[in-house]
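One letter stands for each residue in the lines below.
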Amino acid sequence: MRKSPSPLSLSLLGLGVFLLVLAPMLVWYVKPRAAVNPVDIDVTAVYEGTGDYFDVEETETLTDRRITVTQRVRGDVADSERSGRAVWDIVTTVDTDGSLPAADPHDALDFATARWVTDRSSNRPVHCCEERPYHEGEAYLKFPFDVQKRPYRWWDSTLGATVTLEYRGKQKVRGYEGYVFEGSVPPTRVGTRQVPGVLVGRERAGQVFAEEWYANHGIRLVVDQPTGRVLFARLGPRQTLRAPGAKEDAVVLLDVEKLTHTPATQEFAVDRAREDSARLRAVGTTVPVGAAAGGVALATAGSVLLLRKRPRES
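Residues numbered from 1 in each chain as written. Predicted model: local features only at pLDDT ≥ 70, side-chain atom pairs only at ≥ 80, totals over all residues. Heavy atoms only, no water.

Visitor: Break down the overall build of the chain for me, citing the residues and quoting the values.
Guide: Of the regular secondary structure elements, the chain holds three helices and twelve strands. Here the chain holds 314 residues, and 41% of them are scored as buried. Considering only intrachain contacts with a sequence separation of at least 6, the fraction spanning at least 24 residues in the chain is 57%. Taken as a whole, the chain presents about 17400 Å² of accessible surface, with 53% of it coming from carbon and sulfur. (Helix = DSSP H or I, 4+ residues; strand = E, 2+ residues; numbered from the N terminus. Buried < 20%, exposed > 50% of the residue type's maximum accessible area, 1.4 Å probe, protein only. Contact = heavy atoms within 4.5 Å. Areas by Shrake-Rupley, 256 points an atom, 1.4 Å probe, with all protein chains shown as cover.)

Visitor: So what's going on with the pattern of salt bridges? Residues and values would help.
Guide: Evaluated as defined, the whole model comprises 18 salt bridges. Two residues, Arg 115 and Asp 89, come together in a salt bridge whose shortest N-O distance is 2.7 Å. Pair noted here: Arg 115 is in strand E4 (residues 110–118) and Asp 89 is in strand E3 (residues 86–96), with a separation of 26 residues, a long-range link. Note on Asp 89: relative accessible area 23%, which makes it partly exposed. One salt bridge in this structure joins Arg 193 and Glu 212, with 2.9 Å as the shortest N-O distance. Within this pair, whereas Arg 193 is found in strand E7 (residues 176–196), its partner Glu 212 is found in strand E8 (residues 207–223), the two being separated by 19 residues in sequence. What makes Arg 193 partly exposed here is its relative accessible area of 36%. It is possible to trace a salt-bridge network through shared partners that takes in Asp 76, Asp 79, Arg 82, Asp 89 and Arg 115. (Salt bridge = Lys/Arg side-chain N within 4 Å of Asp/Glu carboxyl O.)

Visitor: Quick rundown of the nonpolar core? Include the residues and the values.
Guide: Phe 143, Val 147, Trp 154, Leu 165, Phe 181 and Leu 221 are the most contacted members of the largest nonpolar core, which totals 27 residues. Of all the secondary structure elements, the ones that give two or more residues to this core are strand E1 (42–55), strand E2 (60–75), strand E5 (152–156), strand E6 (161–173), E7, E8, strand E9 (230–235) and strand E11 (251–256). When residues of this core are assigned to their parent elements, the largest contribution, four residues, is made by E8. When near neighbours in sequence (up to four residues on either side) are disregarded, Trp 154 contacts Ala 139, Tyr 140, Leu 141, Phe 143, Ala 161, Thr 162, Val 163, Leu 165, Leu 221 and Val 230. If you look at the next biggest cluster of nonpolar residues, it comprises eleven residues, including Val 73, Trp 88, Trp 116 and Tyr 140. (Core = buried A, V, L, I, M, F, W, Y, C linked by side-chain atoms within 4.5 Å.)

Visitor: How would you explain unusual backbone geometry if you had to name every residue and give the values?
Guide: Note the cis peptide between Arg 132 and Pro 133, where omega equals -15 degrees. Residue placement: Pro 133 occurs in the loop between E4 and E5. At Asp 64, a residue that is not glycine, the phi angle is positive and equals roughly 55 degrees. The topology assignment puts Asp 64 in strand E2. On the basis of relative accessible area, Asp 64 is assigned to the exposed category, the value being 62%. Its identity as a non-glycine residue notwithstanding, Arg 174 has a phi of 55 degrees, on the positive side. Given the relative accessible area of 47%, Arg 174 is considered partly exposed.

Visitor: Requested: an account of the packing of aromatic side chains, with residues and values cited.
Guide: Per the counting criterion, the structure on display carries nine aromatic pairs. Summarising the aromatic geometry, the rings of Tyr 140 and Trp 154 are spaced 6.3 Å apart at their centres and angled 65 degrees between planes, so their arrangement reads as edge-to-face. Note that Tyr 140 is positioned in the loop between E4 and E5 and Trp 154 in strand E5, a separation of 14 residues in sequence. An identical accessibility class is assigned to Tyr 140 and Trp 154; each is buried. Each ring, one from Tyr 167 and one from Phe 181, has its centre 5.8 Å from the other, and the planes form 65 degrees; the classification is edge-to-face. Residue Tyr 167 is located in strand E6, and its partner Phe 181 is located in strand E7; the two are separated by 14 residues in the primary sequence. Among the residues examined, Phe 181 registers a relative accessible area of 0% and is labelled buried. Ring pairs connect the aromatic residues Trp 88, Trp 116, Tyr 140, Phe 143, Tyr 152, Trp 154, Tyr 167, Tyr 179 and Phe 181, which therefore count as one cluster. The residue whose ring lies beneath Arg 150 is Tyr 152, and the NZ or CZ to ring-centre distance is 3.9 Å. (Phe/Tyr/Trp six-rings, centres within 6.5 Å; stacked < 30°, edge-to-face > 60°. Lys NZ or Arg CZ within 6 Å of the ring centre and 35° of its normal.)

Visitor: Can you break down the side chain of Arg 220 residue by residue, with the values?
Guide: Note on placement: Arg 220 falls in strand E8. What makes Arg 220 buried here is its relative accessible area of 19%. At 2.5 Å, the side chain of Arg 220 forms a polar contact with the side chain of Gln 171. Contact partners of Arg 220, with chain neighbours within four places excluded, come to Gln 171, Val 180, Phe 181, Glu 182, Phe 232, Ala 233 and Arg 234. (Polar contact = N/O pair within 3.5 Å; in protein donor to acceptor, adjacent residues only side chain to side chain.)

Structure below.
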């Protein structure tokens, strides 16, 4: 008489096969859907540094003053869900001690708004959903997921173009390691601005269209490898005016050699990077490896029990 297989052997075999199927599904299906830019982001980054700025009331450039740049990024969930993209609105203010704290951001030394739209998986720009201004590159507010040791094209909103950032090794931020990328911007004409001629050395002219020039002493970013989150940022913006056709700067509007993320901003970025990286590591490595190992063990045990229960042929 033929014996039926034991429930234990079938259970072990079935569970083992399930885990073996689950392991590649986590890597090929679940992880790519977890590694996407969020749509409900609400993050504020603050930079501080010491430098020079043009005071409109004093009509002169004041030197060695504290400068604070605040950048708030909020996701437009409704537009993101309609488009399938990550739609983020950005408000950036540049303040001095005289304009902080500001009840209205329009009272700041400088105030700008933008809308950044990206493919949620690749982080590439998508030109839709009332994006402003038009932008290009591979990275701006963050890098793509799974950052590589290679140059990246970083969008510089003041320049209105991309800057190539080179990989420079690794660095720890508050005990957490990231990839370092560096670059700079040579003096570049970025536009014109109508100002009194006397301001740029053209005393006989009433109003002139002065040339706006921009440079960056140095860009240094430390980036989380799995998520592309910026853990630390240091910038060196320099904005000046020149008389039409002139070779030298006439007025310094803003010049901060080292404008750096505050400790609170760094701490927030590192904490979020730890959480997000652990989540991606779990669905991409830890759980799949454990599932595969467990699946092999259970399937083997079930098969052994199944074979041992077979009766001998008479």
